[in-house]
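What follows is the residue order along each chain.
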Amino acid sequence: MESFFVVGGRSLRGEVEIDPAKNSLLPILAGCILVKGEVCLENVPKYSDVMAMIKILEHLGGKVKFERGKFSNDNLIIDTRDIVYCDVPNELASCVRSSIFTLGPILGRKKIAKVAYPGGCDIGLRPVDIHISLLKQLGCKVIDKNGYIYGDASKRREGDVMLSFPSVGATENAMMFAVLGHGQVRIFNPAREPEIVDLQNFLNSCGAKISGAGSNLIVIDGVKRLHGCRYRAISDRIEAGTFMIAGAMTGEKVVIKNVIPEHNQALLSKLSKTACKIDVRDDTIIVERGGRLQSFGEVETAVYPGFPTDLQAPMCSLASICEGYSLVIESLFESRYKHIGELLKMNCDIRCKNGVCIIKGRDKIYGAEVSSPDLRGGVCLVLAGLVAEGYTTINNIELIDRGYFRLEDKLTSLGGDIKRIKCEKKVDNCS
Ligand code: EPZ
């Protein structure tokens, strides 16, 4: 078990470089299953979710290795020419939500698949019914039994697919399933996140024929095969947003580099209400706190380009130190509130009722021993620890490592006082 030990009260200042997007790299790694060739993904952070997807590719018969490149992170070389297997067992699938993204590409390439139910952050039920529905709409036989999804795409067909909800993962599964084959597939009501566009660009770099990602209709014209390519995923808008919120909470002057500002418009508009100073330049955003923060008012999460659900928890930390009342409403995941219980231990003033959080800002919050409930809930506790009086121990930080690489190094380089400590025994003494 590992924990973060954070000493609060230090102001952040300096430069931080944002890594490529976890939520682009995960579907792109699944997309490599379709490629009969070698793919070089540049500058790949060792997010633990990426490492889990690498294990799945190797289980299927792919060869994967890191090699030094010219970027801060290594390049990842993936050779899936010899993929022979069609199954993803529970012990691999249950580690990440993105294991379900392998269903479409395995069916697309091998025509049969057996994939165990996915894992992922405990933020709601997270069913896979939309994934299953889209495959059936395209002629696949799908059986959902004993915690596995069995697919048979021998009688697949072209045509239209309608998603009942613009699910990010289901959109990505539909795109990857349709890439190899004959005829045209049109996806109606797709997700429009930037990571969907990134997946389209990656697959097209391998010879796919996809258009419309980012709009309300994606069109895929089937091709015979995909070849290898060299590709770099887009900057992680959620990591960028996390550091923007950190800068607003603590920053003397935090310079966030390698950002795509248009991907963070919803957050920027909320931060501009808090009286922090924001300067947006090309691929750089500079944030400084600038005195007493004012409440941003209300945040309700929505699908892109609405306010991202993945920044909901960090906004709760920010709201806890802004003057006045803030409303935070989570509309995408029914139980993405576990971080609130941990923030209460730090003397935050938060009430939650029927999915609405009312947060009253405080002059001071106090360090405590807290536990990461999930990836973004964990990083929200790090942000709170940075401003709390005294020190904060954050347990279960392996959940944070799913989507932030070397977080403590980046915060330390900005002047934060945060250390990764090993806990010999299980932190939970109750069991
Ligand atoms: C992706 O998850 C991201 N993960 C999540 O990021 C992100 O929060 C989410 O999209 C929404 O933006 C990755 O890309 C690996 P969804 P995904 O399918 O695809 C319901 C993070 O912190 N739904 O768009 O699982 C679902 O329960 C993670 O980086 C169904 O009901 O999200 C949820 O309520 C957390 N049936 C809503 O749709 C389905 O078949 C949105 O889920 C699929 C989804």
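In what follows, the structure referred to is the one given above.
All of these numbers come straight from a predicted model, not from anything done at the bench.

Quick notes on the rules
Note on numbering: residues in each chain are counted from 1, in written sequence order. Only residues with pLDDT of 70 or above have their local features reported here, since the model is predicted, and side-chain atom pairs are shown and tallied only from 80 upward, although totals for entire chains, interfaces and linings are computed over all residues. In computing side-chain properties, one takes all heavy atoms of the structure into account and sets aside hydrogens as well as water. Partly exposed residues are those whose accessible area sits between 20% and 50% of the maximum for their type, while under 20% is buried and over 50% is exposed, using a 1.4 Å probe and protein chains only. Note on terminology: near, applied to a residue and a molecule or strand, indicates that one of the residue's heavy atoms is within 4 Å of it. Here a polar contact is recorded for every N or O atom pair within 3.5 Å, except that within protein the pair must consist of a potential hydrogen donor and a potential acceptor, and residues adjacent in sequence are included only if both atoms are side-chain atoms. Residue exposure ignores everything except the shown protein chains as possible cover, and the areas themselves are Shrake-Rupley values with a 1.4 Å probe. Both cavities and pockets are sets of points on a 1 Å grid over the protein atoms alone; in a cavity a 1.4 Å probe fits but cannot get out, in a pocket the set is open with protein on both sides within 12 Å along at least five of seven lines, and lining residues sit with an atom within 4 Å of a point. Here the criterion for a molecule occupying a pocket or cavity is that more than half of its atoms lie within 2 Å of the pocket grid points. For the purposes of this entry, the term helix denotes a DSSP run of H or I that reaches at least four residues, the term strand denotes a run of E that reaches at least two, and both are numbered from the N terminus. Counted as salt bridges are all cases of a side-chain nitrogen of Lys or Arg within 4 Å of a carboxyl oxygen of Asp or Glu. The contact rule is simple, with two residues in contact once any of their heavy atoms fall within 4.5 Å. In a helix, the anticipated span is given by 1.5 Å times the number of residues less one. Grid points are joined across faces, edges and corners, and a volume is the space filled by probe spheres set on the points. For this classification, Asp, Glu, Lys and Arg are treated as charged, while Ala, Val, Leu, Ile, Met, Phe, Trp, Tyr, Cys and Pro are nonpolar and the rest, including Gly, are polar.

Participant: In this structure, what is going on with unusual backbone geometry? I would like to understand it.
Facilitator: For residues besides glycine, phi is generally negative; the peptide bonds are generally trans as well. Following Tyr304, the chain continues to Pro305 via a peptide bond in cis, the omega torsion being 10°. The phi torsion at Ala275 lies on the positive side, around 75°, for a residue other than glycine. Exposure remark for Ala275: the relative accessible area of 38% places this residue in the partly exposed category.

Participant: Even after reading the chapter, I still don't get the site of the ligand, so can you show me in this structure?
Facilitator: In the vicinity of the ligand lie 23 residues, with Asp129, Ile130, Ser167, Asp310 and Leu332 positioned nearest. Contact distances for the ligand include 3.1 Å between an oxygen atom and a side-chain N or O atom of Asn23. With respect to the ligand, the backbone of Leu332 contributes an N or O atom lying 2.5 Å from an oxygen atom. Protein coverage of the free-state accessible area of the ligand, which is 820 Å², stands at 91%. The site holding the ligand turns out to be the largest pocket. Mapped by element, the contributors of at least two residues to the shell around the ligand are helix H1 (22-31), helix H5 (129-137), helix H6 (168-179) and helix H12 (375-387).

Participant: Help me understand the pattern of salt bridges in this model?
Facilitator: Side chains that carry opposite charge are capable of pairing whenever their charged atoms lie near each other. In total, this model carries 28 salt bridges according to the counting rule given. Between Arg420 and Asp401 there is a salt bridge, with its nearest N and O atoms 2.8 Å apart. Of this pair, Arg420 sits in strand E24 (residues 417-422) while Asp401 sits in the loop between strand E23 (391-395) and helix H13 (407-413), and the two are 19 residues apart along the sequence. Look at Arg420 and you get partly exposed, because its relative accessible area is 28%.

Participant: Which parts of the structure should I look at to understand helix H4 (residues 103-110)?
Facilitator: Each α-helix winds once per 3.6 residues, and so residues spaced three or four apart point in a common direction. For H4, the tally of buried residues reaches seven of eight residues, placing the bulk of the element in the interior. Within H4 the residues assigned to the buried category are Leu103, Gly104, Pro105, Ile106, Leu107, Gly108 and Arg109. Of the residues flanking the end of H4, it is Lys111, one or two places downstream, whose phi is positive at about 70°.

Participant: Where do I start with the environment of Ser372 in this structure?
Facilitator: Counting through the fold element by element, Ser372 comes out in the loop between strand E22 (369-371) and H12. Residues Ser372 and Ile394, spaced 22 residues apart in sequence, show a C-alpha to C-alpha distance of 6.5 Å. Not counting chain neighbours up to four residues away, the residues in contact with Ser372 comprise Gly378, Leu381, Ile394, Asn395, Asn396, Ile397, Leu399 and Ile400.

Participant: Explain helix H7 (residues 194-205) to me, please; I cannot follow it from the model alone.
Facilitator: Here H7 contains 12 residues, and its C-alpha end-to-end distance of 17 Å stays within 8% of the 16 Å for a straight helix at 1.5 Å per residue. Of all the residues in H7, the buried ones are Pro194, Glu195, Ile196, Asp198, Leu199, Gln200, Phe202 and Leu203. Following H7 by one or two positions, Gly207 has its phi on the positive side, about 105°.

Participant: Help me understand empty space enclosed by the protein, please; the structure alone is not making it clear to me.
Facilitator: Think of a ball as big as a water molecule: rolled over the atoms, this probe shows where empty space is left. Enumeration over the complete set of coordinates arrives at one cavity of 30 Å³ or more. A volume near 30 Å³ is recorded for the largest cavity. Forming the walls of the largest cavity are Ala21, Lys22, Asn23, Glu195, Asp236, Arg237, Ile238 and Arg376. Considered class by class, the residues forming the lining of the largest cavity number two nonpolar, one polar and five charged.

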